[in-house]
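As a plain string of letters, each chain reads:
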Amino acid sequence: METKVVIIDRALIRDDQLLEGAAILRKGGLVAFPTETVYGLGANALDPEAAKKIYAAKGRPSDNPLIAHIGQRSDLEVLVKEIPEAGRKLMKAYWPGPLTLIFPKSSAVPYETTGGLDTVAVRMPSDLVAKRLIELAGVPVAAPSANTSGRPSPTTADHVYEDMNGRIEMIVDGGPVGIGVESTIVDVTGSVPMLLRPGAVTLEMLCDTVGQVAVDPAVAKPMSAEIKPKAPGMKYRHYAPKAELMLVEGKEQSVSDKVVDVIANMALEKRAQGHEVGIICTDETYDRYPEEVRIRSLGQRSKEETIARNLFGVLREFDSLGVEYIYSESFSKEHLGQAIMNRLTKAAGYHILEV
Ligand code: TXA
Ligand code: MG
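Bear in mind the structure is a predicted one, so any value in this text is a computation, not a measurement. (Residues numbered from 1 in each chain as written. Chains lettered and ligands numbered in written order. Predicted model: local features only at pLDDT ≥ 70, side-chain atom pairs only at ≥ 80, totals over all residues. Heavy atoms only, no water.)

Examining the packing of aromatic side chains
Next, step 1: Counted according to the given criterion, the structure contains zero aromatic pairs.
Next, step 2: Directly above the aromatic system of Tyr111 lies the positively charged group of Lys105, at a separation of 4.4 Å from the ring centroid. (Phe/Tyr/Trp six-rings, centres within 6.5 Å; stacked < 30°, edge-to-face > 60°. Lys NZ or Arg CZ within 6 Å of the ring centre and 35° of its normal.)

Some thoughts on the site of ligand 1
Next, step 1: For ligand 1, the set of nearby residues contains 28 residues, the closest of which are Thr37, Arg60, His69, Ser183 and Gly233.
Next, step 2: Take Thr119: an N or O atom from its side chain is 2.9 Å from a nitrogen atom of ligand 1.
Next, step 3: Here Arg197 contributes a side-chain N or O atom positioned 2.9 Å from an oxygen atom of ligand 1.
Next, step 4: In isolation ligand 1 exposes 680 Å². Once the protein is present, 99% of that is buried.
Next, step 5: Counting residues per element, the shell around ligand 1 draws most heavily on strand 6 (residues 119–123), which supplies three residues.
Next, step 6: When the residues that make up the shell around ligand 1 are grouped by side-chain class, the tally is 15 nonpolar, eight polar and five charged. (Near = heavy atom within 4 Å. Polar contact = N/O pair within 3.5 Å; in protein donor to acceptor, adjacent residues only side chain to side chain. Areas by Shrake-Rupley, 256 points an atom, 1.4 Å probe, with all protein chains shown as cover. Helix = DSSP H or I, 4+ residues; strand = E, 2+ residues; numbered from the N terminus. Nonpolar A, V, L, I, M, F, W, Y, C, P; charged D, E, K, R; others polar.)

Details of the environment of Pro48
Next, step 1: Here Pro48 is to be found in helix 2 (residues 48–58).
Next, step 2: Every residue in contact with Pro48, bar those within four places of it in the chain, is listed here: Pro110 and Glu112. (Contact = heavy atoms within 4.5 Å.)

Brief notes about the sheet that holds strand 7 (residues 141–142)
Next, step 1: Strands sit in the order 1-8-2-3-7-4-6-5-9-10-11 across an open sheet of 11 strands; the sheet is mixed. Only two strands of the sheet have a single neighbouring strand rather than two, namely strand 1 (4–7) and strand 11 (214–215).
Next, step 2: Here strand 4 (residues 67–69) runs beside strand 7; their pairing, made up of two bridges, is antiparallel. By the bridge assignment for strand 7, Ala68 is matched with Ala142.
Next, step 3: The strands that helix 2 touches are strand 3 (40–44) and strand 7; relative to strand 3, the one it contacts most, it runs at about 155°. (Pairing = 2+ DSSP bridges. Axes fitted to C-alpha atoms, helices over the stretch in contact; angles between N-to-C directions.)

Some thoughts on the pattern of salt bridges
Next, step 1: Per the counting criterion, the structure on display carries 21 salt bridges.
Next, step 2: Here Glu20 ties to Lys4 by a salt bridge, and the two come within 2.6 Å at their closest N and O atoms. Placement of Glu20 in helix 1 (residues 15–26) and of Lys4 in strand 1 is noted, with a sequence separation of 16 residues between them.
Next, step 3: The partly exposed category is assigned to Glu20, whose relative accessible area is 39%.
Next, step 4: Of the residues examined, Lys4 reaches a relative accessible area of 40% and is grouped as partly exposed.
Next, step 5: Its salt-bridge partner being Arg301, residue Glu329 comes within 3.0 Å of it at the nearest N-O pair. Pair noted here: Glu329 is in strand 15 (residues 325–329) and Arg301 is in the loop between strand 14 (294–297) and helix 9 (304–320), with a separation of 28 residues, a long-range link. One exposure class covers both Glu329 and Arg301, and it is buried. (Salt bridge = Lys/Arg side-chain N within 4 Å of Asp/Glu carboxyl O. Buried < 20%, exposed > 50% of the residue type's maximum accessible area, 1.4 Å probe, protein only.)

Spelled out as structure tokens, the structure:
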């Protein structure tokens, strides 16, 4: 299959550029499109055959449920059986935006979309290209991140092309995304809302809106017999680069000399053995690492938004350079830092060295 790429000028989003993609979605085909978080791989959420095509294109296990994306608030009714009070408050505060809510599903939503669950994940993206495409399609759009299963989520259309060329009908290229980590997921079906995946709508923001919020233990800790994530997708080795990644954590918030020394030494040692080595750092420490290895800064340490936006792109760049070992500085776990550290620790397979 030939994958068509349609480049969108964000200064003037034209319907005629999106109508073909909308028609493909309506007819059960696959179209990748930008959202404010990461690129999504879209299909008609109400069409079981279309949902199956997503799993095939991504190589994704079919028990991993999809998020249904809607263009406007009124599109929610057809997808859900009821809207719990906490859901109402959170939607009012953060939709459209990077927040996915889990509701009891209606009978209109096929189990192929929900991975067999009686709940459905719904999100209303704020990205105007995504919004218009969904509106023109006239159906809710199931969309996981548009990467091959197990790879870091795509933050540019080029990333999508790398993974999906020849597997899907169309890529809508709306330029690089703004946020760079996937949406926050909150389950509102229980008595207390539960955070299943941290994102740009932070835990602090959620608590401001609904008071108490529980955090799924799988957000911070590796899985074990006791800890099984409630978002099935979180159980897979996720966001993972091909290289072995180790996260080095100091005792203080800022990066200490010790962290820099430990990373530099480990990197040089692997390099001396002939390996391709990469270091992930910040602007403040960039100059302190050895030139013999590949060094990438995610930006200024205090600018969490920049760090989040650059993270997956750097992991993908290291993949394409054949990097075998990555050593990364770690970050504060507050606010957006919780999402950054959640993705980094998962990418590292929980290899964290405390120094
Ligand atoms: O930002 C995002 O959410 C992006 C863009 C494209 O919108 N999408 C995305 O989808 O990250 P995906 O499929 O990569 O991640 C969806 C996550 C998975 O971890 C999945 O297990 C969880 O949402 N999920 C979906 N439906 C669920 C449900 N009914 N109950 C619990 N978790 C659910
Ligand atoms: Mg994903």
